[in-house]
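# Coordinate inspection notes
Chain by chain, the residues run as shown.
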Amino acid sequence: MIPLEQAQAEVLESCRPAAAVEVATSEALGLVLAAEVRAPEPVPSFRNTAMDGYAVHSDDVAGASPQAPVRLRVVGTRPAGTAGMFSVGRGEALRIMTGALFPDGADAVAIVEETRTDGDHVEILAPALPGVHIRPAGDDIAQGQLLFEGGTVLGPGHLGVLSSVGASAVRAFRAPVVGVLSTGDELVEAGVDLQAGQIRDSNRRTLLSLAQRDGFGVVDLGIARDDEVVIERALVSGATVCDAILTSGGVSMGDFDYVKTVLDRIGKMSWMQVAIRPAKPFAFGTIGDTPVFGLPGNPVSSMVSYELLARPGLRRIAGHVDSDLRRRAIRGFVAGQGWRGARDGRTTYVRVVAEFAADGKLKVSSSGGQGSHQLYAMARANALAVTPPGLDIADGDPVDVLVLA
Ligand code: AMP
Ligand code: MG
């Protein structure tokens, strides 16, 4: 057996970022920037008011109070989005709305709450200090400013900023397209009656969904029978249309594990026994340049194998440079009940529900059956409790947790 970290390192070694492409910002959520972005325009691009009110001369209203209001002549109204030819002289005010261009001449905003209209005049009831509630041009973003470095993962806020500077496209790494192939003579789809010995294919839906959740494109490569010719055809065609392939099943020690035979012939593969439970068997390699992840067939194993081994590699192809924060073990959880660690040197990933207990602690408890075929408890889990080999966890013990959702 090899440590998980060694298997992960081997995966990352062979996974290189996909091509950088020009992507419309409308399509860029979750993508990784391939180059830095500078601001082509300042934001805001003009001096404007942060409040509804009147643009005034601060000197005119310095002594204003409800008892001694200052009467100013209103020269016009300026909504947001308009300019108009206004300049504000002494004794004058321009009615302005939030976001409106701030007029020349004036230097202060008398907020509407502290005014009283009086025909074509306004009474100012409080002093207005120069500059307050005025947003200077470029006070959020200066023209030419470095906005985001290459490697930034584009989230909603980033895309908003890009929109605010008028950038409609960016250079980003293309999201990898991931092909998913199930293998096994026993597998059938929904809608077909189960014959003796058959089961329904669940891995394909799970793995396609995991890849989609992580922002990758997906191609359903179907179910391949335990037949070398069928498996080879599926893998070869998958490798031509996909940036990476996930297979499940056929990578352990069974008599009909032909995925292994085929991959050994058409690819360059490493067959690993990773010191984790579940998901010990794992194959990784390439067909041509296309990375192939041979995940175990048992449904929980294939999911855990995806989370711990395939996901880091696929993220690397997507251009991610950061360590995967969501897959880092987090301290500070407390076991709500006990369980046993493995006795064979493997780290156990216990399927757990993590939640805030009444005492404010983050408590984890088993989400159900822990067999590698028991997908139900994996579906209910929102975290995996990382249990070192040989360690038994008792109720109340601290545990490290990988948060899944
Ligand atoms: P294998 O690695 O092919 O020996 O498969 C290990 C176990 O996982 C067997 O019980 C298979 O029936 C099961 N299995 C394999 N592929 C799938 C799949 N796509 N969906 C659900 N179970 C599967
Ligand atoms: Mg099989």
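Residues numbered from 1 in each chain as written. Chains lettered and ligands numbered in written order. Predicted model: local features only at pLDDT ≥ 70, side-chain atom pairs only at ≥ 80, totals over all residues. Heavy atoms only, no water.

## Some remarks on the environment of aspartate 140
Rules: A helix here means a DSSP run of H or I that spans at least four residues, while a strand means a run of E at least two residues long, and both kinds are numbered starting from the N terminus. Under the scheme applied here, a residue whose accessible area is under 20% of the maximum for its type counts as buried, over 50% as exposed, and between as partly exposed, the area being computed with a 1.4 Å probe on protein chains only. The criterion used for residue contact is that any of the two residues' heavy atoms lie within 4.5 Å.
Residue position: aspartate 140 is located in the loop between strand S10 (134–135) and strand S11 (146–148). With a relative accessible area of 52%, aspartate 140 lands in the exposed category. Considered as a pair, aspartate 140 and arginine 174 are 34 residues apart in the sequence and their alpha carbons are 30 Å apart. Contacts of aspartate 140, omitting those with residues within four sequence positions, involve Val43, Pro44 and Gln145.

## Comments concerning the site of ligand 1
Inclusion rule: Nearness of a residue to a molecule or strand requires only that one of the residue's heavy atoms be within 4 Å of it. Polar contact is the term for a pair of N or O atoms within 3.5 Å; when the atoms are in protein, one must be able to donate a hydrogen and the other to accept it, and sequence-neighboring residues count only if both atoms are side-chain atoms. Areas reported as accessible are Shrake-Rupley estimates using a 1.4 Å probe. Residue values count occlusion only from the protein chains shown. Only Asp, Glu, Lys and Arg are considered charged, only Ala, Val, Leu, Ile, Met, Phe, Trp, Tyr, Cys and Pro nonpolar, and every remaining residue, Gly among them, polar.
Every one of the 17 residues lining ligand 1 counts as a neighbour, but Glu186, Asp201, Ser202, Gly250 and Gly297 are closest to it. Within the backbone of asparagine 203, an N or O atom sits 3.3 Å from a nitrogen atom of ligand 1. For ligand 1, an oxygen atom lies 2.8 Å from a polar atom in the backbone of glycine 250. For ligand 1, whose unbound accessible area comes to 490 Å², protein coverage reaches 78%. Mapped by element, the contributors of at least two residues to the shell around ligand 1 are strand S13 (177–183) and strand S15 (199–200). When grouped by side-chain class, the residues that make up the shell around ligand 1 number 3 nonpolar, 10 polar and 4 charged.

## Observations concerning the packing of aromatic side chains
To keep things clear, this is the line we draw: Pairs were defined over the aromatic rings of Phe, Tyr and Trp, the Trp ring being its six-membered one, requiring ring centres within 6.5 Å. Orientation was assigned from the angle between planes: stacked under 30 degrees, edge-to-face over 60, tilted for the rest.
Applying the stated criterion across every chain, the model contains 2 aromatic pairs. Seen from their ring centres, phenylalanine 256 and tyrosine 258 are 6.3 Å apart, and the 75 degrees between their planes marks the pair as edge-to-face. For phenylalanine 256, a relative accessible area of 53% corresponds to the exposed category. Among the residues examined, tyrosine 258 registers a relative accessible area of 22% and is labelled partly exposed. Judged by centre distance (4.9 Å) and plane angle (50 degrees), the rings of phenylalanine 284 and phenylalanine 293 are tilted. The same class applies to phenylalanine 284 as to phenylalanine 293, namely buried.

That is the geometry; function is a separate question.
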